[in-house]
Amino acid sequence: MSEPRLVPAPISLYFSDAEIDAEAFEREYQQLSESDEDPISQWLKLAKARGETKDTDPVLLQLVVELHRKIDALEMFLKDETPSRVSLSSESEIESIGFEYFKLKNEDFEKEKLYYGRIEMPTYPKRDVGVFFKAKSSSLAQFVKMHERDEKEWNAYVTARERVLIREAREKKQ
């Protein structure tokens, strides 16, 4: 296998062997996809479907929704509540990313093993992305299952990281 093209990116990953509790991992994966635990997102989807947001500035609407989420998060913090997540056995730092692959700083994988993980996306709005991936080596993994919306966000982030590196390379040449 040829080495995939990867770009440096500082991202956290929590993961476990996907076979340990496949049903719980699949349930969390589905919950993380469309923010089942986020009532404001569900309300906004319904309002858009009914056409109630057609006269609203989409950027302003998104900012108000994010403000609502922050207030909800603050309320949860004050009440000492945490969203229920499946316990994952390992934590690692992602060193570099590509469109279908990522590489860890450490060698934490068993080759050809299937894993479930949560990636903390460093984009706005910050959120966790559930993924299933297969280890191609002790530090390199390939995505096996990722929701379409998450894949688009991941690919946009990879592209943005590539642009940053291109800009930095141009600045060094000058």
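Each value, and the rule that gives it
Residues numbered from 1 in each chain as written. Predicted model: local features only at pLDDT ≥ 70, side-chain atom pairs only at ≥ 80, totals over all residues. Heavy atoms only, no water. Core = buried A, V, L, I, M, F, W, Y, C linked by side-chain atoms within 4.5 Å. Buried < 20%, exposed > 50% of the residue type's maximum accessible area, 1.4 Å probe, protein only. Helix = DSSP H or I, 4+ residues; strand = E, 2+ residues; numbered from the N terminus. Contact = heavy atoms within 4.5 Å. Pairing = 2+ DSSP bridges.

(A) Quick look at the nonpolar core. Of all hydrophobic cores here, the largest spans 23 residues; its most connected members are L13, I97, F102, F109, F133 and W154. At the level of elements, β1 (7-17), β2 (90-97), β3 (101-104), β4 (114-121), β5 (127-135), β6 (140-145) and α4 (148-173) are the ones that each hand at least two residues to this core. At five residues, β1 tops the list of elements feeding residues into this core. The contact partners of I97, leaving out residues within four places of it in the chain, are R5, L6, V7, A9, I11, F102, W154, Y157, V158 and R161. Of all hydrophobic cores here, the second largest spans nine residues; its members include A24, L32, V86 and F132.

(B) How the structure looks around the pairing of β6. Examined bridge by bridge, β3 and β6 share three bridges and lie antiparallel to one another. Directly across from Y101, in β6, lies its bridge partner Q142. Looking at chain direction, β5 and β6 are connected through four bridges and run antiparallel. Following the sheet pairing, F132 is matched in β6 by K145. The turn joining β5 and β6, which pair antiparallel and follow one another in sequence, is formed by four residues.

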